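Here's the letter readout for the chains.
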Amino acid sequence: MTQGWSAQDIPDQSGRTAVVTGANSGIGLVTARELARRGARVVLACRSEARGKEAEERVRSEVPGARAEFRRLDLADLASVREFAAQLPYERLDLLINNAGVMALPYGRTADGFETQFGVNHLGHFALTGLLLPRLRAAGAARVVCVSSGMHVLGNVDLRDLNSERHYRRWVAYGRSKSANLLFVHELARRLGAVGSDVVAAAAHPGYAATNLQTQAVRMEGRRRTERLVELGNRVMAQPAESGALPTLFAATAPGVRPDSFTGPSVMMWRGSPARSWRAGWTVNDVAGERLWAASERLTGVTYGAL
């Protein structure tokens, strides 16, 4: 990959339409802003209307003339996912950035009864991608980018207990959801290749980037001292969100990105310019990918057919 690749290297995106989930803050907001800066029409798909509209205004203020719009999407509610897809007014979609996520939350369930991390990080995006796939295929050389994490190493997908009903450990559940992201990309890329589609499915991760993802769980639990320690760690050790977004932007726009590739920071998967990233062997297992796919179609009710 290109040494020192930066946002300045993003090719012209004029005439292209992108959907970025979780674009109200962190790397999602940076991703949306930089795509808009290069001329793309960007849909900021966010759960909170207030924060989504605020992010839209921020992109418009930082990028004069930006074509940016907020549309509500709650990945913890499949009805919201279906509504978002049905109301999206564009017949062609060039980029789908599956960025939104939650991390290490206390045990909870989505509106449809799924464990929250698995439901939001994987199932919501699985359903969204399936519902938008006809528009991606209509655009020709479109891309789907799923944002995973180096922390996927904490847990392989347990196909016998996808909702962590037997035993819940928040970090293991997070790792499993991020492994599910990678397995989904692996199987999606395989299926797209089998039908000769030009759509590229790839994955990325931000390394250790300072966003509100790290403080989300401790804030929910009211652990103020821990929250302050996490914030201090972010300031001292993490790279800024602008740097953390680069692997996603590379996977979404750089020429020659290969299907099922995994892009992350170049320095120990922690920080630095985008580079090919290591991934656990279980995330490229064909049998596991097929089984997770079948389970995801059954649980969400979204079927891809023969693509």
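Up top is the structure these notes are about.
Residues numbered from 1 in each chain as written. Predicted model: local features only at pLDDT ≥ 70, side-chain atom pairs only at ≥ 80, totals over all residues. Heavy atoms only, no water.

Asker: Give a detailed account of a nonpolar patch on the surface, specifying residues and quantitative values.
Answerer: Judged by side-chain polarity, Met151, Val153, Leu154, Trp171 and Trp278 come together as a nonpolar surface patch covering roughly 480 Å² of accessible area. With respect to the helices, strands and loops of the structure, Val153 is situated in the loop between strand S5 (143-147) and helix H5 (170-194). (Patch = residues over 30% accessible without salt bridge, like charges linked within 9 Å, V, L, I, M, F, W, Y side chains within 5 Å. Areas by Shrake-Rupley, 256 points an atom, 1.4 Å probe, with all protein chains shown as cover. Salt bridge = Lys/Arg side-chain N within 4 Å of Asp/Glu carboxyl O. Helix = DSSP H or I, 4+ residues; strand = E, 2+ residues; numbered from the N terminus.)

Asker: Describe the pattern of salt bridges, and please don't skip the residues or the numbers.
Answerer: For the structure on display, the rule yields 15 salt bridges. In this structure, Glu187 and Arg190 form a salt bridge, with 2.6 Å as the shortest nitrogen-oxygen distance. Within this pair, Glu187 and its partner Arg190 are both found in helix H5, separated by 3 residues, close to a single helical turn. Residue Glu187 is classed as buried on the basis of its relative accessible area of 0%. The exposure class assigned to Arg190 is partly exposed, which follows from its relative accessible area of 34%. For Glu290, the salt bridge goes to Arg190, with nearest N and O atoms at 3.7 Å. Placement of Glu290 in helix H10 (residues 286-300) and of Arg190 in helix H5 is noted, with a sequence separation of 100 residues between them. (Buried < 20%, exposed > 50% of the residue type's maximum accessible area, 1.4 Å probe, protein only.)

Asker: With reference to specific residues and values, describe the environment of Pro255.
Answerer: Structurally, Pro255 is set in the loop between helix H9 (246-253) and strand S7 (262-267). Each C-alpha atom of the pair Pro255 and Ile10 lies 9.4 Å from the other, and the pair is 245 residues apart in sequence.

Asker: Quick rundown of unusual backbone geometry? Include the residues and the values.
Answerer: Even without being glycine, Ala104 reaches a positive phi, approximately 55 degrees. Summarising the element assignment, Ala104 is placed in the loop between strand S4 (95-98) and helix H4 (116-138). In this structure, Ser164 is a non-glycine residue whose phi angle is positive, near 50 degrees. Here Ser164 is to be found in the loop between S5 and H5. The class of Ser164 is buried, set by a relative accessible area of 5%.

Asker: Let's hear about the nonpolar core: which residues, and what values?
Answerer: Membership of the largest hydrophobic core comes to 52 residues, with the highest contact counts inside it found for Val19, Phe84, Leu96, Leu132, Leu136, Leu188 and Tyr304. Counting residues per element, the ones that place at least two in this core are strand S2 (41-46), helix H3 (78-87), H4, S5, H5, strand S6 (200-204) and H10. If one sorts the elements of this core by residue count, H4 sits on top with 9 residues. Contacts of Leu136, omitting those with residues within four sequence positions, involve Leu93, Asp94, Leu95, Leu96, Ala142, Arg143, Val144 and Val199. One finds Val42, Ala66, Leu246 and Ala251 within the second-largest nonpolar core, a separate group that totals 38 residues. (Core = buried A, V, L, I, M, F, W, Y, C linked by side-chain atoms within 4.5 Å. Contact = heavy atoms within 4.5 Å.)

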